[in-house]
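# Breakdown of the fold
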Amino acid sequence: MIPAISLLAGYSIHKKNMLERNYDDYQIDRHKQNLYNIITNDYNQVKGLRIRHMVWLSHFIKCDIIEVGRLQYNYHSIVDLDCLDTKKHHIELHIPGGRPLDMKEIENSFKNSRKYIYKYFNLAHNKELEYYVQSWLLSPELKYFLKGNSNILNFQKLFTVLKYKENLKDFMLFVFNLFDVPLDFTILETRTSLQKEMKKHLLEGKKLHIGTAILKN
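Quantities reported herein were computed from a predicted structural model and do not represent experimental measurements. (Residues numbered from 1 in each chain as written. Predicted model: local features only at pLDDT ≥ 70, side-chain atom pairs only at ≥ 80, totals over all residues. Heavy atoms only, no water.)

### Digging into the pattern of salt bridges
Convention followed: Each reported salt bridge corresponds to a side-chain nitrogen of Lys or Arg within 4 Å of a carboxyl oxygen of Asp or Glu. Exposure categories follow from relative accessible area, calculated using a 1.4 Å probe and restricted to protein chains: below 20% of the type maximum is buried, above 50% is exposed, and the middle band is partly exposed.
Scanning the model with the defined rule gives nine salt bridges in all. Residue Arg99 is joined to Glu105 by a salt bridge in which the shortest nitrogen-to-oxygen separation is 3.4 Å. On the accessibility criterion, Arg99 (41% relative accessible area) is partly exposed. Notably, a salt bridge pairs Lys207 with Glu166, separated by 3.6 Å at the nearest N-O pair.

### Considerations on the environment of Arg99
Which entries qualify depends on this criterion: Each helix is a run of H or I in the DSSP string that is no shorter than four residues. Each strand is a run of E no shorter than two, and both are numbered from the N terminus. Contacts are residue-level and defined by heavy atoms, with any inter-residue pair within 4.5 Å sufficient.
With respect to the helices and strands, Arg99 occurs in the loop between strand 3 (89–94) and helix 4 (103–120). For the pair Arg99 and Arg70, spaced 29 residues apart in the sequence, the C-alpha separation amounts to 8.8 Å. Each residue touching Arg99, except ones within four places of it in the same chain, is listed here: Gly69, Arg70 and Glu105.

### Description of the side chain of Glu92
Selection rule: Charged residues are defined narrowly, with Lys and Arg counted positive, Asp and Glu counted negative, and His plus the chain ends left uncounted.
Mapped onto the fold, Glu92 is located in strand 3. Within the buried core, Glu92 has no salt-bridge partner, and the shortest N-O distance to an opposite charge, that of Lys62, equals 11 Å. Beyond its immediate sequence surroundings of up to four residues, Glu92 is in contact with Gln72, Tyr73, Asn74, His76, Tyr132 and Gln134.

### Quick notes on the nonpolar core
As a reminder of what qualifies: Buried Ala, Val, Leu, Ile, Met, Phe, Trp, Tyr and Cys residues that are joined via side-chain atoms within 4.5 Å together make up what is termed a nonpolar core.
Membership of the largest hydrophobic core comes to 45 residues, with the highest contact counts inside it found for Tyr73, Ile117, Trp136, Leu142, Phe155, Phe159 and Met198. Of the residues forming this core, the biggest block, six residues, is contributed by helix 4.

### What about the packing of aromatic side chains?
Rule in force here: Centres within 6.5 Å are what make two rings of Phe, Tyr or Trp a pair, Trp counting through its six-membered ring; a difference in plane orientation under 30 degrees is then read as stacked, over 60 as edge-to-face, and the rest as tilted.
For the structure on display, the rule yields eight aromatic pairs. Measuring from centroid to centroid gives 5.0 Å for Tyr23 and Tyr120, while their planes differ by 85 degrees, and the two rings are edge-to-face. Of this pair, Tyr23 sits in the loop between helix 1 (2–21) and helix 2 (25–46) while Tyr120 sits in helix 4; the two residues are 97 residues apart in sequence, bridging distant segments of the chain. The exposure classification of Tyr23 matches that of Tyr120, with both residues buried. With centroids separated by 5.8 Å and ring planes inclined at 70 degrees, the aromatic side chains of Tyr73 and Tyr131 adopt a geometry described as edge-to-face. Of this pair, Tyr73 sits in strand 2 (residues 71–76) while Tyr131 sits in strand 4 (residues 129–135), placing them 58 residues apart in sequence. The pair formed by Tyr73 and Tyr131 is uniform in burial state, with each residue classed as buried.

### Side note on the pairing of strand 2
Here is the rule: When DSSP locates at least two bridges between a pair of strands, those strands are taken to pair.
Burial of strand 2 is extensive: five of the six residues sit out of reach of the surface. As judged from the four bridges shared by strand 1 (residues 65–68) and strand 2, these two strands associate in the antiparallel manner. Along strand 2, the bridge assignment pairs Val68 with Leu71. Note that strand 2 and strand 3 share five bridges and pair antiparallel. Its bridge partner lying in strand 3, Tyr75 is registered against Ile91.

Here it is in structure tokens:
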């Protein structure tokens with residue numbers, strides 16, 4: 001009941017915020033589609049909305065996230081990461097799943113993002129942008145599972161990694177499509193070579209890490 005009430009209250013706030021940001025038709029459409037995906041796809045998968053869903057929904061409702069082609073850009077006025085440059089605007093990258101990680105699309109998104117970031121977030125032009133990402137896609141273990149010409153490995157080359165952190169939940173969610181970490185890794189279903197290699201890695205008692213990185217200039 002509480003999530004439902006929150007969503008109803010958030011609808012009018014979201015509409016108001018999109019008007020104030022002066023979103024074009026593309027941004028409005030992408031926001032509506034992303035909200036629909038979170039509410040329907042994720043809800044149906046776990047039979048409810050979890051805290052992570054509500055947090056993700058809040059980013060769209062507050063309009064502190066935009067989509068430019070293949071990537072999403074999330075502006076943070078305050079970032080709890082001491083490894084970032086405090087003299088720059090901090091833009092967190094998100095890579096929506098369900099689509100191939102096409103490097104040409106990634107590069108075009110970066111190329112076109114700046115003007116929309118400054119416009120829609122109303123940022124001062126006297127400060128540079130610092131793009132950062134926290135993702136399983138930057139895992140150092142992936143080089144053992146993927147071939148050298150992998151798009152994921154090519155994606156990693158775009159960034160300077162600042163630190164790694166042990167993590168299992170993100171791999172379960174984005175690789176195995178599971179919202180919870182199983183107690184027994186033998187139950188993991190494997191349809192892709194990446195899933196097979198990662199499952200083998202986990203059954204050997206080895207760890208997985210996500211990376212925090214900034215985009216290279």
